[in-house]
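# Descriptive analysis of the structure
Here is what each chain is made of, one letter per residue.
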There are 2 protein chains.
Amino acid sequence: MNTSVAVEGLVLAIVGVVGSEHVRSDPASLDAYGQDALRQGHAPWLVVLPGSTREVAAIARVCHESRVPLVVRGAGTGYTGGAVPTHGGVVMSMERLNRILEIDEVNLLAVVQPHVITGDLQRAVEAVGLFYPPDPASLDRCSIGGNVAECAGGPRAFKYGTTKRYVLALELVLPTGEIIRTGSKAVKNVVGYDLTQLMVGSEGTLAIVTEITLRLVPRPPARATVLALFPSIRAAVEGVTALIQRRVTPATLELVDADSLDAVRTHTGGEVAPAGTGAALIVEVDGMQAAVEEEAVIVIAACQGAGATVVSRAVDDQDRERLWQSRRMLSESLRATGLLKINHDVVVPRGRVPELFDLIQELKERYRLRIAAFGHAGDGNIHVNLMVNRTDEAERERARQAERVLFERVVELEGSISGEHGIGFAKARYIDIELSADTIALMKRVKHAFDPHGILNPGKVFPD
Amino acid sequence: MNTSVAVEGLVLAIVGVVGSEHVRSDPASLDAYGQDALRQGHAPWLVVLPGSTREVAAIARVCHESRVPLVVRGAGTGYTGGAVPTHGGVVMSMERLNRILEIDEVNLLAVVQPHVITGDLQRAVEAVGLFYPPDPASLDRCSIGGNVAECAGGPRAFKYGTTKRYVLALELVLPTGEIIRTGSKAVKNVVGYDLTQLMVGSEGTLAIVTEITLRLVPRPPARATVLALFPSIRAAVEGVTALIQRRVTPATLELVDADSLDAVRTHTGGEVAPAGTGAALIVEVDGMQAAVEEEAVIVIAACQGAGATVVSRAVDDQDRERLWQSRRMLSESLRATGLLKINHDVVVPRGRVPELFDLIQELKERYRLRIAAFGHAGDGNIHVNLMVNRTDEAERERARQAERVLFERVVELEGSISGEHGIGFAKARYIDIELSADTIALMKRVKHAFDPHGILNPGKVFPD
């Protein structure tokens, strides 16, 4: 297929659908759309920017009939290469489908096109007293469509769940070109199979999302944000356990280790925690004012009881925002070290977080690696960043060995190799650590039921 | 297949798996296991009671190889015929797989076999300060496995969601005999497709659930239960709207109409509401003590503002339990009228509940039917019971006409023909009102990916 003549035919067919102004094939575009936050990947043959569901369906039919790989792309903020080709083909960027179609205050829902930016939706619904909880760190750049494809989470998932809890209905284009709707605007629906939930987290391999109906919740009227500094990661983890045992469900329960705190301090100059701090917890409780006050007292006492050296509560929104901005800068700060940041978002049952940190310490020593870890301790979902010298091939090889051991041991801890970033192609070779051959075979049969020619996002989720 | 010789071979093969003491083929058993709460259905050729996952897998293989229908049965409390054969075959009752395997207080989860009774699990986890919210009215008789198959809800779904929000992981036996595991004990998991959620609500047509890992939440430390009586259904619905507009999320927001109140009064002699009451709301708020008090004040004010004639708060647990017992007796009370109760659990976006009640009124008048309606007003999920004289064929025909109009109009209201009872065979002929031909074709391809010979629960969900 990848001969220039065949590609020319494909370009003509696709220009026929969207017009030449919405097709890109210049080298700079092919390069840009061949990358995501993983910073690996392969350039497409062309990039198409459809403007309607009808155009998406027509493009799918072209690709289906000519067996051309079709990679649907949101904002390209993913960490596992989900939005970039592995072998060329067409990238379909959803960037023109970027409108909030409806915010329904009576039914507490929003209808959006896939390329609405997550943070924009949040601000729009909060303006009318509603709340869309999922808050990936990239929320000011990532799109809802990408969040649906990967089942994005974020700090608030501890209390509020991940993207999947909020997706009520979808308009989908099947790779064979049919347009279907799943779910409904009703909050309960058990008619036929739950294709809506099957789609969430399917990483663009089953169908193309062209419209999303999201459940919203009332905006919590009050919140309290507490920063607790600990002498060691172990003490911070004890703080997490103490909180859960007191049956408090904070909105967020974020843990940041010393290496991550150092990187933020160096990169931003900001002083969340003084040098020498072993670990930090950011705990936010929200809800009715009276309950928030009651819970904040429990949070502060639990952190102090676990050995926190400093426990402070944000005094106002500005103070709070400064804290969260530091948290969201973690990945950027780690990348700014100049080291290669190999990011894994493993997850374990929350009670096994101490064992996960023991494992991280063991990997640091055994493979002589620098590892910065932070993340959603309440969910047991920790971002484990192997920080590697790009030019040191021996160190890169040790990192590869360490990552396989990390995944194997996380599964032994009854956890999972990805909590919210997905598999993409970056982790596809590891999927059999977690899933049995029978399970993978079944998933491939499900994939075939949607996509008989295997055109949608080939090389993702399952190894090639 | 249904010749006595072939059935004898099947019996021998299945007795070889479980022993003759766990196979039933006497007429009384075949009759009993050929019925559920719908009180229609077809007797199986035999009933098998497996005692282990390995036995379930061996039975599946026997049925798969001999193309025999296999109907998996929980407690038989469903309203849509999901647990009974349509054409004979084998009923596999899960009643021996009835153990709570684990309650994990650190990780807030429970691992159970499918035939654990929902209410028993609730009591067991509440004893250690935890909470399993889904509360179908049949909770003292229904099983968790059946709840998973149908995605059971209940009053508390308004705040806490239905069964699907709590299912973290499953052990499954595929109809082809493989044993697989989906999900994990981690609360987040995006590795491969979400087969766990695909299974919930699949009505026993995709695979056989042999073990369930459930997420639990902390038991709310306080609650307040408010009963509000209204002069009309319209006033009660206004109360619901007022509450949602005040951004309160009660745990439950149950609405009961006058016909339903009358039936309870007649059947139980209990006096929830005096004769002449137009409608009742049962509103329960739960959470931290301080928040509960704050919300209870808002609830009472909203009900009074909407025109409630009586608003009372349960003074103690006994008072509260009496109220909920009346609510759970609604179905039994309606059946005790001697009329045939044709129960539909339609659902609309919550803001359209007034239009749904207008529709019910229209159907009452146009088809000259008695209709008793009650249910989960906060979710827009209303149980619409057509109460029909069994021996009046003309009335039964009017009911059939009314039910099709009900479903068509509910879909026009952007709702769904079932919120929590499922399709079974009772609603299979109506599924195309809600789902397009392309969607049904896709669902059938998914079914085929699991069950290539179509042995699992044939005649359910999709029309034969």
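Residues numbered from 1 in each chain as written. Chains lettered and ligands numbered in written order. Predicted model: local features only at pLDDT ≥ 70, side-chain atom pairs only at ≥ 80, totals over all residues. Heavy atoms only, no water.

## Points about the interface of chain B and chain A
Which entries qualify depends on this criterion: Contacts are assigned to residue pairs that have any heavy atoms within 4.5 Å of one another. The working definition used for a salt bridge is a side-chain nitrogen of Lys or Arg within 4 Å of a carboxyl oxygen of Asp or Glu. Starting at the N terminus, helices and strands are each numbered in turn, a helix being any DSSP run of H or I of at least four residues and a strand any DSSP run of E of at least two. Note that Gly is not counted as nonpolar here; it falls among the polar residues with everything else outside the nonpolar set of Ala, Val, Leu, Ile, Met, Phe, Trp, Tyr, Cys and Pro and the charged set of Asp, Glu, Lys and Arg.
Residue-level contacts link 83 residues of chain B with 83 residues of chain A. With a closest N to O distance of 3.5 Å, Asp 379 of chain B and Lys 188 of chain A form a salt bridge. Listing elements by their share of the side of chain B that touches chain A, those giving two or more residues are strand 9 (179-183), helix 7 (195-199), helix 10 (289-305), helix 15 (431-434) and helix 16 (437-450) of chain B. Here the residues of the side of chain B that touches chain A sort into 36 nonpolar, 24 polar and 23 charged.

## A look at the sheet that holds strand 5 (residues 100-104) of chain A
All names here are of chain A. Short version of the rule: Two strands qualify as a pair provided that DSSP identifies no fewer than 2 bridges between them. With axes taken as lines fitted to C-alpha atoms, and helix axes fitted only over the stretch in contact, angles between N-to-C directions fall between 0 and 180 degrees.
The five strands lie next to each other as 5-6-10-8-9, forming an open sheet whose pairing is antiparallel. Unpaired on one side and paired on the other, strand 5 and strand 9 (179-183) mark the two borders of the sheet. When the angles between neighbouring strand axes are averaged without regard to direction, this sheet yields 10 degrees. When strand 8 (residues 167-173) meets strand 10 (residues 208-215), the two strands line up antiparallel, connected through six bridges. The partner of Leu 172 across the bridge, within strand 10, is Val 209. In this fold helix 3 (residues 53-65) packs onto strand 8, strand 9 and strand 10, with an angle of close to 55 degrees to the strand it touches most, strand 8.

## Examining the domain arrangement of chain A
By a widespread convention, an interface's size corresponds to the accessible area lost as its parts come together. Residues and elements named next belong to chain A. The condition is simple: Boundary definitions for the domains trace back to an automatic or database domain assignment. Note: buried area is the sum, over both parts, of the accessible area (probe 1.4 Å) each one loses when the two are combined.
Along its sequence, chain A is carved into domain 1 (3-93), domain 2 (100-218), domain 3 (220-331) and domain 4 (338-455). With 14 residues of domain 1 at the interface, the matching set in domain 2 holds 16 residues. Summing the contributions of domain 1 and of domain 2, the shared interface buries around 1200 Å²; its carbon and sulfur component is 66%. Elements supplying a minimum of two residues to the side of domain 1 that touches domain 2: helix 3 and strand 3 (70-73). Broken down by element, the residue count for the side of domain 1 that touches domain 2 peaks at six residues, all from helix 3.

## Some thoughts on the environment of Arg 265 of chain B
Residues and elements named next belong to chain B. We count it as follows: In protein, a polar contact means a hydrogen-donor-capable atom and an acceptor-capable atom, both N or O and within 3.5 Å, with residues adjacent in sequence counting only if both atoms are side-chain atoms; elsewhere, any N or O pair within 3.5 Å suffices.
As for its position among the elements, Arg 265 is in helix 9 (residues 258-268). Spatially, the C-alpha atom of Arg 265 lies 24 Å from that of Arg 156, the residues being 109 residues apart in sequence. For Arg 265, the contacting residues outside a window of four places in its chain are Gly 270, Glu 271, Ala 273, Pro 274 and Ala 275. Side chain to side chain, Arg 265 and Asp 262 meet in a polar contact 2.9 Å long.

## Observations concerning the packing of helix 10 (residues 289-305) of chain A against helix 10 of chain B
Stated formally: An angle below 35 degrees is read as roughly parallel, one above 145 as roughly antiparallel, one from 65 to 115 as roughly perpendicular, and any other as oblique.
As a packed pair, helix 10 of chain A and helix 10 of chain B sit with axes 7 Å apart at the nearest point and diverge in direction by 180 degrees. It follows from the interaxial angle that helix 10 of chain A and helix 10 of chain B lie roughly antiparallel. From helix 10 of chain A, Gln 289, Ala 290, Ala 291 and Glu 294 of chain A reach across to helix 10 of chain B, where they touch Gln 289, Ala 290, Ala 291 and Glu 294 of chain B. Each residue belonging to the contact of helix 10 of chain A with helix 10 of chain B can be placed in one class, and the counts come to four nonpolar, two polar and two charged.

## Notes on helix 8 (residues 233-245) of chain B
Spacing of three or four residues puts side chains on the same side of an α-helix, whose turn is 3.6 residues. All names here are of chain B. Put simply, the rule is: One fewer than the residue count of a helix, multiplied by 1.5 Å, yields its expected span. Per-residue accessibility, obtained with a 1.4 Å probe over protein chains only, is compared with the maximum for each type, and a residue is labelled buried under 20%, exposed over 50%, and partly exposed between these values.
With 13 residues, helix 8 should reach 18 Å at 1.5 Å per residue; the first-to-last C-alpha distance of 18 Å fits that figure. What helix 8 keeps buried is the set Ala 235, Ala 236, Val 237, Gly 239, Val 240, Ala 242, Leu 243 and Ile 244. Those residues of helix 8 that are buried are in contact with helix 6 (157-160), strand 12 (222-230), strand 13 (252-257), strand 14 (279-287), helix 10 and helix 13 (353-366). Trailing helix 8 by a residue or two, Arg 247 shows a phi angle of about 65 degrees, which is positive.

## Some words on the pattern of salt bridges
Summed over all chains, the structure comprises 60 salt bridges over all chains. Here Lys 447 of chain A ties to Asp 451 of chain A by a salt bridge, and the two come within 2.7 Å at their closest N and O atoms. With a shortest N-O distance of 3.1 Å, Asp 140 of chain B and Arg 123 of chain B are connected by a salt bridge. With Asp 140 of chain B in the loop between strand 7 (130-131) and helix 5 (144-150) and Arg 123 of chain B in helix 4 (residues 118-126), this residue pair connects regions lying 17 residues apart in the sequence. For Arg 123 of chain B, a relative accessible area of 48% translates into the label partly exposed. Here the salt bridges share partners, and the residues they tie into one network are Glu 102 and Lys 185 of chain A together with Arg 352, Glu 355 and Glu 414 of chain B.

## Observations regarding the packing of aromatic side chains
Our working definition: Ring pairs shown here join Phe, Tyr and Trp side chains whose ring centres sit within 6.5 Å, with only the six-membered ring taken for Trp; geometry is labelled stacked below 30 degrees between planes, edge-to-face above 60, and tilted in between.
Scanning the model with the defined rule gives eight aromatic pairs over all chains in all. Here Phe 407 of chain A and Tyr 430 of chain A contribute two aromatic rings whose centre-to-centre distance is 4.9 Å and whose plane-to-plane angle is 65 degrees, an arrangement assigned as edge-to-face. Linking Phe 407 of chain A in helix 14 (residues 393-412) with Tyr 430 of chain A in the loop between helix 14 and helix 15 (431-434), this pair joins segments that are 23 residues apart in sequence. Judged on exposure class, the residue Phe 407 of chain A and its partner Tyr 430 of chain A are both buried. Aromatic side chains Phe 462 of chain A and Tyr 193 of chain B sit 5.6 Å apart centroid to centroid with 80 degrees between the ring planes, which places their arrangement in the edge-to-face category.

## Focus on the environment of Gly 16 of chain A
Residue and element names in this part refer to chain A. For Gly 16, the location among the structural elements is in helix 1 (residues 4-18). Relative accessible area serves as the criterion here: at 64%, Gly 16 is assigned to the exposed category. For the pair Gly 16 and Ile 59, spaced 43 residues apart in sequence, the C-alpha to C-alpha distance is 9.6 Å.

## Examining the relation of the copies chain B and chain A
Which entries qualify depends on this criterion: Least-squares superposition aligns the copies on the C-alpha atoms of those residues with pLDDT at or above 70 in both.
Of the transformation placing chain B onto chain A, the axial shift is 0.0 Å and the rotation is 180 degrees, giving an RMSD of 0.0 Å. Considering both components of the superposition, the chain copies are consistent with a two-fold axis. Interface residue correspondence from chain B to chain A reaches 100%, placing this contact among same-surface, isologous pairings.

## Thoughts on the environment of Ala 110 of chain A
All names here are of chain A. Here Ala 110 is to be found in strand 6 (residues 109-112). With a relative accessible area of 0%, Ala 110 lands in the buried category. Sequence-wise, Ala 110 and Arg 215 are 105 residues apart; in three dimensions their C-alpha atoms are separated by 6.6 Å. Ignoring anything within four residues of it in the chain, the contact list for Ala 110 reads Glu 102, Ile 103, Leu 121, Ile 212, Thr 213, Leu 214 and Leu 216.

## Section: the confidence of the model for chain A
The condition is simple: On a scale of 0 to 100, pLDDT captures the predictor's confidence in every residue.
When pLDDT is averaged along chain A, the result is 94, and 99% of the positions lie at 70 or above. In the model output, the complex is listed with pTM 0.96 alongside ipTM 0.96.

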